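Overview (structure and organization)
Residues per chain are reported as follows:
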Amino acid sequence: ACRGAGGVLARSRWRDEQGRPQFSTTMVIHLSPKEVVDACVILGLASIHDVDVVSDIVPLQPPPLPAPRDPLVLSFPLSAGAGLP
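Residues numbered from 1 in each chain as written. Predicted model: local features only at pLDDT ≥ 70, side-chain atom pairs only at ≥ 80, totals over all residues. Heavy atoms only, no water.

Now for the layout of surface pockets. Estimates place the volume of the largest pocket at around 1,300 Å³. Broken down by element, the lining of the largest pocket gets its largest block of residues, 3 residues, from strand S4 (residues 21-24). Class assignment of the residues belonging to the lining of the largest pocket gives a composition of 17 nonpolar, 6 polar and 4 charged. (1 Å grid on protein atoms, 1.4 Å probe; cavity = no way out; pocket = protein on both sides within 12 Å on 5 of 7 lines; lining within 4 Å. Points joined across faces, edges and corners; volume = space filled by probe spheres on them. Helix = DSSP H or I, 4+ residues; strand = E, 2+ residues; numbered from the N terminus. Nonpolar A, V, L, I, M, F, W, Y, C, P; charged D, E, K, R; others polar.)

Here you go:
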């Protein structure tokens, strides 16, 4: 089990190439250059060789720009409209 600050982290079930069920915990951590973080503590290990840790470090891409929207058009001075003083 992997324990973080909020308790035991959830595991997902998946199947390997031979169809055997496996479990893993996935963490997405965004760090600035030269920044370090303690992400979790792995519980129940007799040896460091009992755990399979895979790291996939990729550059973070900026989010796509929002689609352009029609601008809000207001006329000044605003008219009172029907029924308003």
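Moving on from the model shown.
Before going further, it helps to spend a moment on the pairing of S4. Looking at chain direction, strand S3 (residues 12-15) and S4 are connected through 4 bridges and run antiparallel. Along S4, the bridge assignment pairs Arg13 with Phe23. With antiparallel pairing between neighbouring strands as the criterion, S3 and S4 make up a hairpin whose turn holds 5 residues, including Gly19 at a positive phi of roughly 85 degrees. (Pairing = 2+ DSSP bridges.)

Let's shift gears to unusual backbone geometry. A positive phi is found at Lys34, a non-glycine position, where the angle reads about 65 degrees. Within the secondary structure, Lys34 is located in the loop between S4 and strand S5 (41-42).

Moving on: the packing of aromatic side chains. Summed over all chains, the structure comprises 0 aromatic pairs. Taking the ring centre of Phe23 as reference, the NZ or CZ of Arg11 above it sits at 4.5 Å. (Phe/Tyr/Trp six-rings, centres within 6.5 Å; stacked < 30°, edge-to-face > 60°. Lys NZ or Arg CZ within 6 Å of the ring centre and 35° of its normal.)

Let us now look at the pattern of salt bridges. Applying the stated criterion to the full structure yields 1 salt bridge. Residue Asp16 is joined to Arg20 by a salt bridge in which the shortest nitrogen-to-oxygen separation is 2.9 Å. For Asp16, a relative accessible area of 13% gives the class buried. (Salt bridge = Lys/Arg side-chain N within 4 Å of Asp/Glu carboxyl O. Buried < 20%, exposed > 50% of the residue type's maximum accessible area, 1.4 Å probe, protein only.)

Before going further, it helps to spend a moment on the environment of Cys40. Position of Cys40 relative to the elements: it lies in the loop between S4 and S5. As for Cys40 and Ala1, which are separated by 39 residues in sequence, their C-alpha atoms are 9.8 Å apart. Beyond its immediate sequence surroundings of up to four residues, Cys40 is in contact with Cys2, Arg3, Gly4, Leu9 and Met27. (Contact = heavy atoms within 4.5 Å.)

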